[in-house]
Amino acid sequence: MSAPKRMRRILGHSLRWIGLAAVSVGGWALFEALGLTAPSLFAALVVAVVFALTGLGPVAVPRPASMAAQGTLAVTIGLMLDTDTLGALGENWIPAVLVGAGTLVVSAGCGALLALHRDVDPVTGALSLIAGGATGLVSIARELGGDERIVAVVQYLRVALVVVTMPLIVTFAFHTDTDGGAGTQEQSTTPWFVGTAFLIGAVVIGIVLARLIRLPAPATLGPLIVAGACELLGWPVDISVPAVLLPVAFIVIGWQAGLAFTVASLRAIGRIFPWAALLVVSIGVVCALFGWALSAITGVSMLTGYLATTPGGLAAVLAVSATTGSDVTFVACVQVIRLVSMLVAAPLAAAAYTKLAERRKARSNEEPSREADESACRPR
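Note that the structure is a prediction, hence the values are computed from the model and not measured.

So, how was this worked out
Residues numbered from 1 in each chain as written. Predicted model: local features only at pLDDT ≥ 70, side-chain atom pairs only at ≥ 80, totals over all residues. Heavy atoms only, no water. Helix = DSSP H or I, 4+ residues; strand = E, 2+ residues; numbered from the N terminus. Buried < 20%, exposed > 50% of the residue type's maximum accessible area, 1.4 Å probe, protein only. Contact = heavy atoms within 4.5 Å. Expected span 1.5 Å × (residues − 1). pLDDT = per-residue confidence, 0-100. Patch = residues over 30% accessible without salt bridge, like charges linked within 9 Å, V, L, I, M, F, W, Y side chains within 5 Å. Areas by Shrake-Rupley, 256 points an atom, 1.4 Å probe, with all protein chains shown as cover. Salt bridge = Lys/Arg side-chain N within 4 Å of Asp/Glu carboxyl O. Axes fitted to C-alpha atoms, helices over the stretch in contact; angles between N-to-C directions. Parallel < 35°, antiparallel > 145°, perpendicular 65-115°, else oblique. Nonpolar A, V, L, I, M, F, W, Y, C, P; charged D, E, K, R; others polar. Phe/Tyr/Trp six-rings, centres within 6.5 Å; stacked < 30°, edge-to-face > 60°. Core = buried A, V, L, I, M, F, W, Y, C linked by side-chain atoms within 4.5 Å. Left-handed = near helix turned anticlockwise from the far one by under 90°.

Caption draft 1: Looking closely at the overall build of the protein. Within the protein, the regular secondary structure consists of 16 helices and zero strands. Out of the 380 residues belonging to the protein, those deemed buried represent 46%. Considering only contacts in the protein between residues 6 or more positions apart, those separated by 24 or more positions represent 78%.

Quick look at the structure:
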């Protein structure tokens, strides 16, 4: 490629990012004026979806930027951990596990229903509607014999639906005061550069450790564990993530979900899209009922119960939780239980669906041959 063409390509790519950023900031200001929860996250997601479907935006958020944003949010959440909340979760671990199991059952059932469509095989149906670990499920779809295109679009449809509706539900259904949470934490006396150095160290160490022990969502869970452990141990004292970095992380997380949608990917599954969307909405409604039950059993607020049981969008859920003053530690723990259980169960569910489909096929093949044998034995 010649130098002028390379320069034009770089310039065009840069203009796409500049346009996406400018419109996202404008949407952030608009949604903040309307009083929406997590306005930067919501604006970035909506703008990214529009840019992706019109072909005006970049293809995807670079992986290092995506991991840095998730890690920034995770460290912020980890520094909010406290022993009282962890103790309360210890008393309520049975309801938390039951909610995760219930979400798994509902996801598996909806996956089986999706597989009834003639264009969807059992493995693809199972992986498409497992409520957790979208990226990981897409990556193993081909290995397990599924259609990764369908898995990708349905999974990101689930995540986008959660991320889009969550700020609206939190704002208008719960009438939440968005002035609480991470946005108004007490100002740390630690210099900003010390907080930034701690953030970088926690993200890097957390991701490395999470990959070594094969944790799902390493960019979120690794830094969360490292920062949480430091906070519970009381070291370093009075540390916090610089406030200016959190809205930037929210914007990148919104872009990450929104840019995953393309016209080509939606066309690829156009025939099953309405059926898949209905099933995704059904999972969301059932999980909201789980949140109500969790609130009634454990005594946490309805908002905390709702955020703890949303079927996906871990980074976005933690972001909204951090900005609404809800019990962020409880939300994080219940969401982690859901995420881990889903990723562990996904290959097992896919294998079970495959065996079931093979048995049904074998039975359908046996029936014609049996009928033929019976007809041959009849006297003529």
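Caption draft 2: Structural detail: helix 1 (residues 3–34). For helix 1, spanning 32 residues, the distance from its first C-alpha to its last is 46 Å, which sits close to the expected 46 Å at 1.5 Å a residue. Every buried residue belonging to helix 1 is among W17, L20, S24, G27 and F31, and all of these are buried. Immediately beyond the C-terminal end of helix 1, within one or two residues, lies G35, with a positive phi of roughly 85 degrees.

Caption draft 3: Fine view of the confidence of the model for the protein. Looking at the protein as a whole, its pLDDT mean stands at 80, while 81% of the residues score no less than 70. Every residue in residues 178–186 is under pLDDT 50, and counting partners more than four places away or in other chains gives 20 contacts.

Caption draft 4: Focus on a nonpolar patch on the surface. Together, I200, V204, I205, V208, L209, L212 and I213 make up an exposed nonpolar region whose accessible area comes to about 680 Å². Mapping L212 onto the fold places it in helix 9 (residues 192–212).

Caption draft 5: Layout of the packing of helix 3 (residues 63–78) against helix 9. Contact pair helix 3 / helix 9: the axes reach a minimum separation of 9 Å and the direction vectors enclose 105 degrees. Put simply, helix 3 runs roughly perpendicular to helix 9. On the side of helix 3, the interface is formed by R63, M67, G71, T72 and V75, while helix 9 contributes F198, L199, A202, V203, I207 and R211. Residue composition of the contact of helix 3 with helix 9, by class: seven nonpolar, two polar and two charged.

Caption draft 6: Just the packing of aromatic side chains, in detail. Taken as a whole, this structure holds four aromatic pairs when the rule is applied. An angle of 35 degrees between the planes, with centres 5.7 Å apart, marks the rings of F174 and Y306 as tilted. Taken together, the residues F174 in the loop between helix 8 (148–172) and helix 9 and Y306 in helix 14 (residues 302–309) connect sequence positions 132 residues apart.

Caption draft 7: Up close: helix 2 (residues 39–54). The end-to-end C-alpha separation of helix 2 is 23 Å, in line with the 22 Å expected for 16 residues at 1.5 Å each. Within helix 2, burial applies to P39, S40, L41, F42, A43, A44, L45, V47, A48, F51 and A52. Elements that come into contact with the buried residues of helix 2 comprise helix 1, helix 8, helix 11 (245–258) and helix 15 (314–324). Following helix 2 by one or two positions, G55 adopts a phi angle in the positive range, close to 80 degrees.

Caption draft 8: Main features of the nonpolar core. Within the largest apolar cluster, 55 residues are counted, with the highest numbers of intra-cluster contacts made by L41, L73, I77, M166, W255 and L307. With near-sequence residues (within four places) excluded, M166 lies in contact with Y306, L307, T310, A316, V317 and V320. V106, A160, I272 and C287 belong to the second-largest nonpolar core, a separate cluster that totals 16 residues.

Caption draft 9: Layout of the environment of I207. Along the polypeptide, I207 turns up in helix 9. Not counting residues within four places of it along the chain, the set of residues in contact with I207 comprises M67, P218, A219 and P223.

Caption draft 10: Examining the side chain of T310 more closely. Mapped onto the fold, T310 is located in the loop between helix 14 and helix 15. Setting aside its immediate chain neighbours within four residues, T310 contacts V162, M166, V317, Q335 and R338.

Caption draft 11: A look at the packing of helix 8 against helix 15. Two numbers describe how helix 8 lies on helix 15: the axes approach to 10 Å, and their chain directions differ by 20 degrees. Classed by the angle they form, the pair helix 8 and helix 15 counts as roughly parallel. Crossing handedness for the pair helix 8 and helix 15: right-handed. Residues V163, M166 and V170 of helix 8 pack against A316, V317, V320 and T324 of helix 15. When its residues are assigned to classes, the contact of helix 8 with helix 15 shows six nonpolar, one polar and no charged.

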